[in-house]
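Listed below are the residues making up each chain.
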Amino acid sequence: RADAAGAASLLRRLRPIDRVALVTFSASAQVVVPSTQANPEAVERAIRVLSDIQADGNTNLFGGWELARRELRQEPGVQSRLLVLSDGIANSGETNPRVIASAVTDARERGVRTSTLGVGADFEETLMSAISRSGGGNAWFADVPRRIGELVAVELGEALDVVHRSVRLVVDAPEGCVVRCLNRFDSQRRGSRTVIDLGAMVSRQQLELAVELRFAPGEEGRRAEVRVHLEVDGQSTAPSIAEFTVATNAENDRMLRDPHVVRVVARALAASARLESLEFNRQGEFRRAREVLRSLAERIWRWSEGNDELEGLARELEHDAEALSERRSSMELKQRHYSSEAVSRSREPSGRRR
């Protein structure tokens, strides 16, 4: 009933020029409202259908996603977004995370973005977050049913406020250079290029990410050029060029670090370390959960050099290390997971855009 109320809230915020389809998934999946224009009459019919839906304990999540994808009309200039709302563990139909992620990624490449909304304490947050990340969408968590309507409204608000449907950062590096995005955005290597999918961009949204470059060993003084540009709705911006020079360790250590870059890197690493620590805690490996965070805290202390933000982050990691060195409740793990997942995508801990 809480899920139905959240979906009804979404329906009533749609405009007549929008289209909507509703799919339910339990042991099997079925289209309960085929794709239709969201005029007032159609919306009320859909809400009446929602009120009759009954849960049966099974969750064919992928089957539901697949049916919903087929219902979407993909037309030039039309934004297609799929929202998966679930309060249960995927236990029916296809449940292999890699298979699901591959299908969601393929849909994203074809212009369909997938967001997820997990409800309560009984769903698999790692799978739901992976789906949203592969789908180039958002990951939301409603710890209590009454928050469903609020988060659905935020998701719809962002969808209606999109200024660029697809933004990608492209890093063109020389042979032998390994490129890694430290934030949790989906990325693919295509020849010399690494393409990082940043998803849709919303009006006034600020996004920061850290990219690590690891060059192959070379002679001192050798130079390497890296070109970076954006692909915005299929159009490429002019490239920015960064030049790197092979230096000795001593020369490298004497170089001044940009404090802003250090802070962005530290935040990205902290979010990833927290997610890794949560997974260890979930598996009962409490010592490893603690050490992941303590190790990074020590590194950030070395980088801080009196910077208040970095010192504060190091203290938070030390505090989290102690907290995760013992078993935590399922609800707390989910709250921590979604907060870290959001920060890793350059969002506020609540998941809202910066």
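Quick summary incoming for the structure in this document.

1. Topic: the sheet that holds strand β4 (residues 112–119)
- Judged by pairing direction, the sheet is parallel, and its three strands sit side by side in the order β3-β4-β5 without closing on themselves. Looking along the sheet, the strands with just one partner apiece sit at the ends: β3 (80–86) and β5 (136–142). Adjacent strand axes in the sheet meet at a mean angle of 15° when their direction is disregarded.
- Pairing analysis gives five bridges linking β4 to β5, with the strands arranged parallel. Considered in β5, the bridge of Thr-116 is made with Ala-139.
- Docked against the sheet, helix α3 (residues 61–71) engages β3 and β4, running at close to 155° with respect to β3.

2. Concerning the pattern of salt bridges
- For the structure on display, the rule yields 42 salt bridges.
- The closest approach of N and O atoms between Arg-108 and Glu-109, which form a salt bridge, is 3.1 Å.
- Of the charged contacts in the structure, one is a salt bridge between Glu-322 and Arg-294, with a shortest N-O distance of 3.7 Å. With Glu-322 in helix α10 (residues 308–323) and Arg-294 in helix α9 (residues 286–304), this pair connects stretches of sequence that are 28 residues apart.
- One connected set of salt bridges, linked through shared partners, spans Arg-108, Glu-109, Arg-113, Arg-168, Asp-186, Arg-190 and Asp-197.

3. Quick notes on the environment of Glu-150
- Along the polypeptide, Glu-150 turns up in helix α6 (residues 148–160).
- Overall, Glu-150 belongs to the partly exposed group, its relative accessible area being 34%.
- Here the alpha-carbon distance between Glu-150 and Gly-234, two residues 84 residues apart in the chain, equals 32 Å.

4. So, unusual backbone geometry
- Of note, Asp-233 is a non-glycine position whose phi angle comes to about 50°, a positive value.
- Relative to the helices and strands, Asp-233 resides in the loop between β11 (223–232) and β12 (235–236).
- Located in the positive-phi region is Ser-346, a residue other than glycine, with phi close to 60°.
- Here Ser-346 shows up in the segment after α11 (330–344).

5. A short note on the side chain of Ser-346
- Residue Ser-346 is classed as buried on the basis of its relative accessible area of 3%.
- Among the polar contacts listed, one links the side chain of Ser-346 to the side chain of Arg-354, at a separation of 3.5 Å.
- In this view, Ser-346 contacts Gln-206, Leu-207, Glu-208 and Arg-354; residues no more than four positions away in its chain are not counted.

6. Observations regarding the nonpolar core
- If you look at the biggest cluster of nonpolar residues, it comprises 25 residues, and the most contacted ones within it are Leu-293, Leu-296, Ile-300, Leu-313, Leu-317 and Leu-324.
- Secondary structure elements with two or more residues in this core: α8 (259–282), α9 and α10.
- Among the elements that line this core, the one with the most residues is α8, at ten residues.
- When residues no more than four places from it in sequence are discounted, the contact partners of Leu-293 are Ala-273, Arg-274, Ser-277, Leu-317, Asp-320, Ala-321 and Leu-324.

7. Let's talk about the packing of aromatic side chains
- Throughout the structure, instances matching the rule amount to five aromatic pairs.
- Aromatic side chains Phe-123 and Phe-141 sit 5.9 Å apart centroid to centroid with 50° between the ring planes, which places their arrangement in the tilted category. With Phe-123 in the loop between β4 and α5 (125–134) and Phe-141 in strand β5, this pair connects stretches of sequence that are 18 residues apart. Of the two residues, Phe-123 and Phe-141, both sit in the buried class.
- An aromatic cluster is defined as three or more aromatic residues linked by ring pairs; in this entry it consists of Phe-123, Phe-141 and Tyr-338.
- Cation over ring: Lys-334 sits above Phe-123, and NZ or CZ is 5.1 Å from the ring centre.

Parameters and conventions
- Residues numbered from 1 in each chain as written.
- Predicted model: local features only at pLDDT ≥ 70, side-chain atom pairs only at ≥ 80, totals over all residues.
- Heavy atoms only, no water.
- Pairing = 2+ DSSP bridges.
- Helix = DSSP H or I, 4+ residues; strand = E, 2+ residues; numbered from the N terminus.
- Axes fitted to C-alpha atoms, helices over the stretch in contact; angles between N-to-C directions.
- Contact = heavy atoms within 4.5 Å.
- Salt bridge = Lys/Arg side-chain N within 4 Å of Asp/Glu carboxyl O.
- Buried < 20%, exposed > 50% of the residue type's maximum accessible area, 1.4 Å probe, protein only.
- Polar contact = N/O pair within 3.5 Å; in protein donor to acceptor, adjacent residues only side chain to side chain.
- Core = buried A, V, L, I, M, F, W, Y, C linked by side-chain atoms within 4.5 Å.
- Phe/Tyr/Trp six-rings, centres within 6.5 Å; stacked < 30°, edge-to-face > 60°.
- Lys NZ or Arg CZ within 6 Å of the ring centre and 35° of its normal.

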